[in-house]
Amino acid sequence: MQHPYLDLLESTDPQIHAALTGEENRQRLGIELIPSENYTYPEVLGTLGSVFTNKYAEGYPGRRYYGGQQFTDVIETIARERACQVFRCEHANVQPLSGSPMNQAVYLGLLEPGDTILAMDLSHGGHLTHGAPVSHMGRIFNFVRYKTNPVDGSIDYDEVLEIARKTQPKLVLCGYTSYPRDIDYDAFKRIADEVGAMTMVDASHFAGLVAGGVLENPFDHGFDVMTTTSHKSLRGPRGGMILCRKEFAARIDKSVFPGLQGGPHMNVIAGIAITMGKCLTPEFGDYAKQVLLNARAMAETFLTEGVSLVTGGTDNHMIVANTQDSFGLDGRVAEELLDAIGITVNKQIIPDDTNPPLRPSGIRIGTPAATTRGMKEEHMRTLAGWMVKTLRNPSDSVLHASIKSDVEALCRQFPVPGLD
Ligand SMILES: *Cc1c(COP(=O)(O)O)cnc(C)c1O
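Residues numbered from 1 in each chain as written. Predicted model: local features only at pLDDT ≥ 70, side-chain atom pairs only at ≥ 80, totals over all residues. Heavy atoms only, no water.

Draft legend 1. How the structure looks around the pairing of strand β5 (residues 116-120). Burial within β5 is extensive, with five of its five residues counted as buried. Pairing of β5 with strand β6 (residues 142-146), which is carried by five bridges, proceeds in the parallel orientation. When the bridges of β6 are listed, M120 appears paired with Y146. The pairing of β5 with strand β7 (residues 171-175) spans two bridges and is classified as parallel. Along β7, the bridge assignment pairs I117 with L171. (Buried < 20%, exposed > 50% of the residue type's maximum accessible area, 1.4 Å probe, protein only. Helix = DSSP H or I, 4+ residues; strand = E, 2+ residues; numbered from the N terminus. Pairing = 2+ DSSP bridges.)

Structure representation (structure tokens):
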């Protein structure tokens, strides 16, 4: 058990204790290849379970609505300053409770209901909060969507420009949840400038790669706003951050509090401060580089094995594989087969998917978590090989059992931070 207090649970709440122990073992003996997940730092795990969770701190440092803020002000100020340093931006708000409220805060703070936002289509890699019809934001704002190019699966910037000219958005939003390439920020900025729109990137998936200097930094290309979750490639606690130019700072802060939220989660903000500190070390740059090398090694193995990948490869931390074409299996079946051998991935809709969302044609695979455990290219090749073997032989339970024990043996060599 990672935290001494948690031993108490064994006698006070054995049901929860058993589930927690089960999850620890699942994480210990299997490998997490969902691209949006990671294993956070032991210090962050500790901070999340610290007394900062007891404290209300509505407001911002120096301007709070409750007393007793000597130490909350210290951590929030440090978190903001470090975030600005990491991303080379003028202002940071570290209070969003997670990724979804962070994006809501930007839309509601910078736009009026009914305004037009240009964003990536959900089935082509955009996020739910980028105006999917099932999201509340999709009812409040007028989202128009660009898709990826049917030939090579990349963003077609000419098409984005054409849609922008036609629909005159107030906000041009880029960023993705399922897209294995980097973004041409200059192209988006030119498009936004031509129609007089603000620019926003939702870097939730890849902010760690920006922080580590291996993907482009949108602020180097004149972007107005960047949002990011803190728990994906950044390796922090579950939370959200809004980074922006000074001229938007007051509107963003007001929008988060009191516009959308009440008390910030100070235990999380302490974890964000620690995470931003880690991002400023040379080791984090090495980590980000290795995330990319690992994704490339894995993609190469899949391609050698004849697996069909969306965009034919990867420039970032993720791979989107078409399991329907490659193995005759939909993404749900592939996800379940891999889960059974201790490899966790997620089913994924692919561009213009003809299968329904709960039985899509692909899976999404990512390397941030495996890289945190210290795995390198050779381990990625091995894992990719096991995945291909399993999916090629979906009913060979003897084979699956033997691969499962190989996965466990590999995982035992790479402890999860904070466990063991
Ligand atoms: C994960 C993600 C979010 C949402 O984050 P939650 O913390 O799950 O609410 C928003 N945008 C993108 C691009 C994401 O990948």
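Draft legend 2. Up close: the UniProt feature "binding site: (6S)-5,6,7,8-tetrahydrofolate" (unreviewed entry) in the chain. Within the UniProt annotation, "binding site: (6S)-5,6,7,8-tetrahydrofolate" (unreviewed entry) is assigned to L122, G126, H127 and L128. Here H127 is to be found in the loop between β5 and α6 (136-140). Judged by relative accessible area, which is 23%, H127 ranks as partly exposed. Discounting chain neighbours no more than four positions away, the residues touching H127 are S100, L122 and T177. There is a polar contact of 2.8 Å between the side chain of H127 and the side chain of T129. One can find L128 in the loop between β5 and α6. (UniProt positions renumbered as here; feature names shortened; annotations may be inferred. Contact = heavy atoms within 4.5 Å. Polar contact = N/O pair within 3.5 Å; in protein donor to acceptor, adjacent residues only side chain to side chain.)

Draft legend 3. Region of interest: helix α8 (residues 185-195). Among the residues making up α8, those that are buried are Y185, A187, F188, I191, A192 and V195. Burial along α8 is one-sided: seen end-on, the buried residues are contained in an arc of 160°. Packed against the buried residues of α8 are β6, α7 (157-167), β7 and β8 (198-202). At the N-terminal boundary of α8, the capping side chain belongs to D184, with an oxygen 3.3 Å from the backbone nitrogen of D186. Two residues or fewer past α8, G196 is found with a positive phi of approximately 70°. (Arc of directions from axis to C-beta.)

Draft legend 4. Region of the structure containing the site of the ligand. Looking at the ligand, there are 14 residues lining it, with S98, G99, S100, D202 and K232 nearest. Within the side chain of S100, a nitrogen or oxygen atom sits 2.8 Å from an oxygen atom of the ligand. Residue D202 places a side-chain N or O atom 2.5 Å away from a nitrogen atom belonging to the ligand. Look at the ligand: alone it shows 380 Å² of surface, and the protein chains cover 86% of it. Considering every element that reaches the shell around the ligand, the biggest residue donor is helix α5 (residues 99-110), with three residues. Residue classes in the shell around the ligand are distributed as one nonpolar, eleven polar and two charged. (Near = heavy atom within 4 Å. Areas by Shrake-Rupley, 256 points an atom, 1.4 Å probe, with all protein chains shown as cover. Nonpolar A, V, L, I, M, F, W, Y, C, P; charged D, E, K, R; others polar.)

Draft legend 5. Representation of the side chain of T275 in the model. Mapped onto the elements of the fold, T275 is located in helix α11 (residues 266-279). Using a relative accessible area of 1% as the deciding quantity, one classes T275 as buried. Filtering out sequence-adjacent residues up to four positions away, T275 remains in contact with Y41, V44, L234, R235, G236 and P237.

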